[in-house]
Structures are given as C-alpha cells and as structure tokens.
Amino acid sequence: MSRVFFCFFLVLLFSPPLVGAATSPSRQQQRQLFLEAEQAVKKNDFKTYQKSLKALKTYPLYPYLQYQWLTRHPDQNKAIQQFLLDFPTSRYAVLLKGQWLKNLVKQKNWEQLIKHYGHSSRADLQCAYYWAKYQQGFKKMALTAARKLWVVGKSQPALCNPLFKRLQASKYFTREMLWQRFQSALKNNKPSLASYVRRLMNKKDARVAALWLKAHRQPEKIIKTKNWDKGYKQAGLIFAHAIDRIARRDSRKAADIWFRQKAHYVIPAFRQHQIERRLALGLAFRGEDDAWQRLIELKHKDLKVKEWLIRIALREMNWARVDQALSYLSDKEKQKVNWRYWQARVLAQEGKRQQAQKLYQDLAEDRSFYGFLAANHLEKDIIIGNKPLQIDKSEISALKNRSEFQLIEELIALDRPLEAKRQWWYEVRHLNKKNIMVAAKLAEQWGLNQVAIFTIARAKYWDDVGLRFPIKFFDPIQKNARQNGLDPAIVLGLIRRESAFDKMARSPVGARGLMQIMPKTGRQIAKQLKEKWHSEKTLYDPAVNVKFGAYYYKQLLDQFNGHYALAAAAYNAGPHRVIKWLPKIPMSADVWIETIPFKETRAYVGAVLTYALIYQQRMKRNTLKIKDFIKTVLPR
C-alpha cells in the first residue's frame, strides 16, 4: 500500500464523524485515491485496487476504474457481467463487452457469447458470433452470413479466420465470390489482397486475374502492349480498370486513350458511365477545354456533375452557359444559397436589374459568404443576426449533475482531454435536440469552445453567434496581428476555421495547435524569426502558435499582393497550388473562389473571410469590409 493511500485511511479511521452525516472522502481525496488505484491496476495489485474501489463508489470515475481493471482481466466473466448490468448504457460497457466477447472465443464459451452478443457493426465481433453459432450446430446460417463478411475489399480481422476456413471448404464458397472480392480489393487499391484471392482461383481464372493485377500496377504498359487481352471475356473490365488507374495521375491522357480505344471492348453500360464521369470531372478539375462537352454528354448528371458544369461556365465567364448549367439543378438544389447567388449574378448580367436586386435582398439576410457578397452588391452592411440560446440555468445544472457528465467533468479536472472528448461525443449522440443545445451551453461554461461549437452544430442552431464565434487567446492574437500589420479579425477567422480554438488540436496529417502549423513549417518560421526551435510540442503553446501562424499568413499576403482570398487559399492548399489556379485573364474574386478545384479549399476560403467579418462585428470594429476580400484576381 502506498504512503498516500495509507495516510488517507488513517485520516478516515481517526477523524471524528461529521455531525448528522456519514464521513466520506472529499472530491480532492477521491481524485488522489483514484490515481492511486490506477497505479494498482497497472501493477496488477488486486488487493489495493479492491480497497480503493470500496472508497470510490460515489466517485464519478468509479466505472472507468472498474473498466480499466476488467479490460486487463477479460476472463473474469462474472465481474464483467455484473459491470454490464450495473452500467448498461455506458461507453465503457460497450468497449468492455467487445473485448469480453473476443475473449469468450478463446475460452470456447459459445453459449455465453451467443447470449450476450446482441448486435454489432464490427467485423471481428460478427465473426466471433457466427463462429459460435457454427460450433453450436447452426452451420448453414453461420456460413451464409460468412459469405457477406468474406467478399469485401479489405483484410478482415484474424478472429474471422476459423470461420472463413470452414467457408472456403464448403459448398457455399463460389467462383463468383472470388471475383467479387478480387475486384473489390483492386477498387480499394489492395493488390496484396487481390493476389491472395487469385491464389484461390482455378488456373484459367488465375491467368486472367494475373493480367488484371498487371493492369492495376502498370496500366499504361499493358494498354500499349498489342493483343494483351488474349480474348478474355473480362478484357473490357480490365481495360476500364487500367483507364481508371491512369486517370488518378493524368485525366487528360486517360481520356485520350479511353475515347480512342473503348469501341474495341465489351464494357457494361454502368461501368462505361463510371469511367466517363470520372474522366469528365478530372478534365473539369484540370481546366481542360473539352470538359464542358464531356460533362454535357453524360446521360445521368448527378449533383457533382451539375456543379462542375456551373463552375466551368463561371471560369469561362460565359453567363449564358452559367444560366444553362443552373437549369440542370433540381428545385431543391436551386435553393442552396450559393446557387441562388449565382442566379442573381446571371440576372444582373442579363440586365434584369430589378429581379437581381430582389434576389440579392433575400440573400443578404443570410449569415454566409454568399449573403455577405449579396450585401456588397446592394452596398449594405452585413447582417449577422445574433440570437443567443435561451437556456435556463437549472437545465444546464440538471445535465451537469447527470452521472455521465460528472464523469466527463472529472476527466477534465484530471487533465484527460482526449478521454473527456470521447465520452462527450458518446453521450451527446444519445441526447435529444433540446438537450444537445443545453450540452452546448454546458461545454461553453466549461471553456470547451471547440466542443461547444461542434455540439451546437449537431442541433443545427446557427444563430448563437457568441457561442459559435468565441473570442479566446485575444492577447497573443492582438499582439501578433499588430506586429504583422494584420487585422485581429482575420487571425481570429483563421483560428476559428483551423482549430475552433482548441489549442491541442492535431490534424490527421500532423498540423498542430490553434492555427494548425505543420512541424516542418514551424521549424522554418522559427529559423526565419531567429528563434530557438525546441520540439513539435512547442506548437501547442498558444503564444508560439499564433506568432508563427500570423507571421506565415502575412508572408502569404505579401506574396499575393495583399489579396486576402488568395492568401487564405494558400494557407490551406499551399502557395504553389494557388499560383497554378490563377486565371489567364482578370477575374472577379467571387468567381475565382467558386472555381477553386479543391472542394475543401473552396469552403475554407469562404469560411475564413466570413468568420473574419463576423469577428469584426463582434469586436465592434469596422476596418475590414467584404469588398476588401473580393478584389479582382489578376493573372499570374
């Protein structure tokens, strides 16, 4: 027993009881006990763990502590079953149950596994369940279910192997299944899995599969080879797959080969449409001259195709074509604020001023980039329409006092932000719309700005501007904005879009902190500023991150002659791409932004500029206007 733990029990033993109440440890004492108990769990010290558990029954992290012990001892069946009964809706029950079911396979405890399985979307647990059913004599049912689990384009968990082995030895395993999984594997770019499936085929099919694999790995080489198809029935599909692979790197080259050679092959109509849609969109992305025609020729025009027709017409500044492309949208699709804006622009270009003004007036009520653009056409101030949520304090208190949210609050108190967030999103998923809004206010109260922003978005309540656009870390923002000749609003706009004010934010590619600086970029900036670079962790320091981010954005702003939209696009996609995207002739900024090839960057630029304008109003400043953001984009 540790010294802290022993001293605590001496205090409990010799302290006089409180008048009219049973003696119980304080919250701070419980926290210390919990940390002691965690160490006992790690050391597999059951005696100390058990003593701690008794003293922590009223502590919010009591189930978390039990989970930590039981997840290390999945063979304690009775204790686990009791935990599942005690905390049936807990996230920890879900996590523990998955581990326990897998352990029941090791124990060959088929009866318990079947009894407690319920339902799961996890392939490993599905395989465990059907393997248990197989062992209990339900072979047809198990093998039929196994077929669906087998024909996927990815490797399945090892827990599936026994079931799959029986499936492959049974009459339920077919040639069609082999081809289905082979093609799915290549579609997912899993050639090693496809090679494994090929080894299960008969000799004739294996030869065709080998050719298909070669087309996957060296598509251009196989197409150039004469008589490569050898009369195979699947030659058309192999040719289409090779074109698909070439299009990943060069849609122009792929399109030229496809339209020159496709007549030589028998290719199903659905596959022809898939390829031609992909090629047409690729040509549109590259800005090729024949992109419009290729998209128009598609028999079925989904929303993405329609949108790119509009963008091509905008890029050409061909307003008659913009009008034509807009006409392809359904009535519902036409109601999106961006397409309503472009309809207004078409009307203005056609000289229908009154109709255009009416549409601009309607749009100007919308708190969005396009609403702000419409206000600019009307030469009016933007409207942000702030309507804070009216949530009674008692409702926030009631939610906060729920055991699930007390658990989250304790995780925050113990500086476990990642585990707290996981718990938060698990609990929010089970709330109704009203309580989601209450939860957003609770997160705001706790200072979890990013969580509050994303939570209120789940309720689709957009009008609490203070909650959605908090002003945090203002001292370093104001200081570094001033030093770089920037308005604080643009820095706030960048931070709101990049991290939503989560100083510990980290992107999948490794960008860190408030302004999402990549470590490599951070090192370069530190060198330019002649500052010592300590480590990547430095970027989690708000003062450092904002200093580097503001400095980097100012560099981009200077590079693109003070054009805020171009600098924002470069911050997101890199200056090298923005240079490639510059027009051949002068272009209005709204058109240029709408025609940015990357969907993410299009949305990013509009968001940053919109957020900056909202922050202008929040800070009661008036130095930046929408017109400052949409100056003409000049050719490179």
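Rules and cut-offs
- Residues numbered from 1 in each chain as written.
- Predicted model: local features only at pLDDT ≥ 70, side-chain atom pairs only at ≥ 80, totals over all residues.
- Heavy atoms only, no water.
- Disulfide = S-S within 2.5 Å.
- Helix = DSSP H or I, 4+ residues; strand = E, 2+ residues; numbered from the N terminus.
- Buried < 20%, exposed > 50% of the residue type's maximum accessible area, 1.4 Å probe, protein only.
- Salt bridge = Lys/Arg side-chain N within 4 Å of Asp/Glu carboxyl O.
- Core = buried A, V, L, I, M, F, W, Y, C linked by side-chain atoms within 4.5 Å.
- Contact = heavy atoms within 4.5 Å.
- Expected span 1.5 Å × (residues − 1).
- Axes fitted to C-alpha atoms, helices over the stretch in contact; angles between N-to-C directions.
- Parallel < 35°, antiparallel > 145°, perpendicular 65-115°, else oblique.
- Left-handed = near helix turned anticlockwise from the far one by under 90°.
- Lys, Arg positive; Asp, Glu negative; His and termini not counted.
- Polar contact = N/O pair within 3.5 Å; in protein donor to acceptor, adjacent residues only side chain to side chain.
- Patch = residues over 30% accessible without salt bridge, like charges linked within 9 Å, V, L, I, M, F, W, Y side chains within 5 Å.
- Areas by Shrake-Rupley, 256 points an atom, 1.4 Å probe, with all protein chains shown as cover.
- Charge placed at Lys NZ, Arg CZ, Asp CG, Glu CD.
- Arc of directions from axis to C-beta.
- Phe/Tyr/Trp six-rings, centres within 6.5 Å; stacked < 30°, edge-to-face > 60°.
- Lys NZ or Arg CZ within 6 Å of the ring centre and 35° of its normal.
- Nonpolar A, V, L, I, M, F, W, Y, C, P; charged D, E, K, R; others polar.

Engineer: How should the state of the cysteines be read in this particular structure?
Structural biologist: By definition, a disulfide links the sulfur atoms of two cysteines through a covalent bond. Tallied over the entire structure, the rule returns one disulfide. There is a disulfide in this structure between C127 and C160, and the S-S distance comes to 2.0 Å. Across the S-S bond linking C127 and C160, the dihedral sits near 90°, which makes this disulfide right-handed. Remark: C160 occurs in the loop between α9 (139-150) and α10 (161-168) and C127 occurs in helix α8 (residues 123-135); sequence separation between them is 33 residues. Residue classification places C127 among the buried positions, given a relative accessible area of 0%.

Engineer: Is there a simple way to explain the pattern of salt bridges in this structure?
Structural biologist: A side chain of one charge can pair with a side chain of the opposite charge if their charged atoms are brought near each other. Taken as a whole, this structure holds 38 salt bridges when the rule is applied. Note that E220 and K253 form a salt bridge whose closest N and O atoms lie 3.1 Å from each other. One end of the pair, E220, is in helix α14 (residues 219-224); the other, K253, is in helix α16 (residues 251-261), with 33 residues separating them in the sequence. Residue classification places E220 among the partly exposed residues on the basis of a relative accessible area of 25%. Through salt bridges that share partners, D250, R252, D256, R286, E288, D290, R294 and E297 make up one connected network.

Engineer: Looking at this model, I keep getting lost on the nonpolar core. Mind explaining?
Structural biologist: If you look at soluble globular proteins, the nonpolar side chains tend to sit buried side by side. Ranked by internal contacts, the top residues of the largest apolar core, which has 217 residues, are F182, L295, W424, I490 and W592. The element best represented in this core is helix α38 (residues 599-618), accounting for ten residues. Aside from chain neighbours lying at most four places away, what touches F182 is A194, V197, R198, M201, A209, W212 and L213.

Engineer: Would you mind going over helix α22 (residues 337-349) with me for this structure?
Structural biologist: For α22, built from 13 residues, the straight-helix expectation of 18 Å at 1.5 Å per residue is met to within 8% by its first-to-last C-alpha distance of 19 Å. Taken residue by residue, α22 has N338, W339, Y341, W342, A344, R345, V346 and L347 as its buried positions. In this structure, the buried side of α22 is in contact with α19 (303-315), α20 (319-327), α21 (331-334), α23 (353-363), α24 (369-377) and α37 (589-594).

Engineer: What is the right way to read the packing of α8 against α9 from this model?
Structural biologist: Helix packing geometry: the angle between the two helix axes and the distance between the axes. Running from amino to carboxyl end, α8 crosses α9 at an angle of 160°, the nearest separation of the two axes being 8 Å. Classified by the angle their axes make, α8 and α9 are roughly antiparallel. The interaxial crossing formed by α8 with α9 has left-handed handedness. Contacts between α8 and α9 involve A123, Q126, C127, Y129, Y130, K133 and Y134 from the first element and K139, M141, A142, L143, A145 and L149 from the second.

Engineer: Is there a simple way to think about the side chain of R245 in this case?
Structural biologist: On the secondary structure map, R245 appears in helix α15 (residues 235-249). D244 is the oppositely charged side chain nearest to the buried, salt-bridge-free R245, at an N-O distance of 7.8 Å. One polar contact links R245 to N189, side chain to side chain, over a distance of 3.4 Å. Here R245 is in contact with N189, A215, H216 and P219, once residues within four sequence places are set aside.

Engineer: Where do I start with a positive patch on the surface in this structure?
Structural biologist: On the surface, K203, K204, R207, K214, K221 and K230 cluster together into a positively charged patch. Element by element, the count of residues in the positive patch is highest for helix α13 (residues 203-217), at four residues. Counting through the fold element by element, R207 comes out in helix α13.

Engineer: So what exactly am I meant to see when it comes to helix α31 (residues 474-483) here?
Structural biologist: An α-helix turns once every 3.6 residues. As a result, residues three or four positions apart point the same way. Of the positions making up α31, those classed as buried are I477, N480 and A481. The buried residues of α31 occupy one face: seen down the axis, they fall within an arc of 105°. Residues D475, R482 and Q483 are exposed on α31 and point more than 90 degrees away from its buried face. Those residues of α31 that are buried lie in contact with α32 (488-498) and α34 (542-559). One or two residues past the end of α31 sits G485, with phi positive at roughly 70°.

Engineer: Would you explain the environment of N401 in this entry?
Structural biologist: Along the chain, the position of N401 falls in the loop between α25 (393-400) and α26 (403-413). C-alpha separation for the pair N401 and F164, spaced 237 residues apart in sequence, amounts to 48 Å.

Engineer: What is the right way to read the packing of aromatic side chains from this model?
Structural biologist: Here the distance between the centres and the angle between the planes together describe a pair of aromatic rings. One pass over the full model with this rule turns up 34 aromatic pairs. Here the aromatic rings of Y564 and F629 are separated by 5.1 Å at their centres, their planes lie at 70°, and the arrangement is edge-to-face. With Y564 in helix α35 (residues 564-573) and F629 in helix α39 (residues 626-629), the pair connects residues that are 65 residues apart, well separated along the chain. You'll find Y564 and F629 in the same group, each marked buried. Three or more aromatic residues joined by ring pairs form one cluster here, namely W319, Y341, W342, Y360, F369 and Y370. In this structure, K133 packs its charged tip against the face of F138, placed 4.0 Å from the ring centre. The positively charged end of K301 is found above the aromatic ring belonging to Y328, 5.5 Å away from the centroid.

Engineer: Whenever I open this one, the environment of A603 confuses me. Can you help?
Structural biologist: Checked against the element boundaries, A603 lands in helix α38. On a C-alpha basis, the gap between A603 and I593 in space is 8.8 Å, while along the polypeptide they are ten residues apart.

Engineer: It is not clear to me how the packing of helix α11 (residues 175-187) against α13 should be interpreted in this structure. Could you clarify?
Structural biologist: Look at α11 against α13: their axes get within 11 Å of each other, and the N-to-C directions meet at 10°. For the element pair α11 / α13, the angle class is roughly parallel. For the pair α11 and α13, contact is made by R175, W179, F182, Q183 and L186 and by D205, V208, A209, W212, L213 and H216, respectively. Each residue belonging to the contact of α11 with α13 can be placed in one class, and the counts come to seven nonpolar, two polar and two charged.

Engineer: Looking at this model, I keep getting lost on unusual backbone geometry. Mind explaining?
Structural biologist: Most of the time, phi is negative for any residue but glycine, and the peptide bond is trans. Although it is not a glycine, N189 sits at a positive phi angle of roughly 55°. Among the secondary structure elements, N189 is positioned in the loop between α11 and α12 (191-198). Not every positive phi belongs to a glycine, and D415 is a case in point at roughly 60°. Mapped onto the secondary structure, D415 falls in the loop between α26 and α27 (417-428). Relative accessible area serves as the criterion here: at 61%, D415 is assigned to the exposed category.

Engineer: Could you clarify how one ought to interpret the side chain of K306 in this entry?
Structural biologist: Relative to the helices and strands, K306 resides in helix α19. When its relative accessible area of 11% is taken as the criterion, K306 is described as buried.

Engineer: Can you walk me through the environment of P575 in this structure?
Structural biologist: Within the secondary structure, P575 sits in helix α36 (residues 575-581). The class of P575 is partly exposed, set by a relative accessible area of 21%. On a C-alpha basis, the gap between P575 and L186 in space is 34 Å, while along the polypeptide they are 389 residues apart.

Such coordinate-based values are descriptive only and should not be taken to indicate function.
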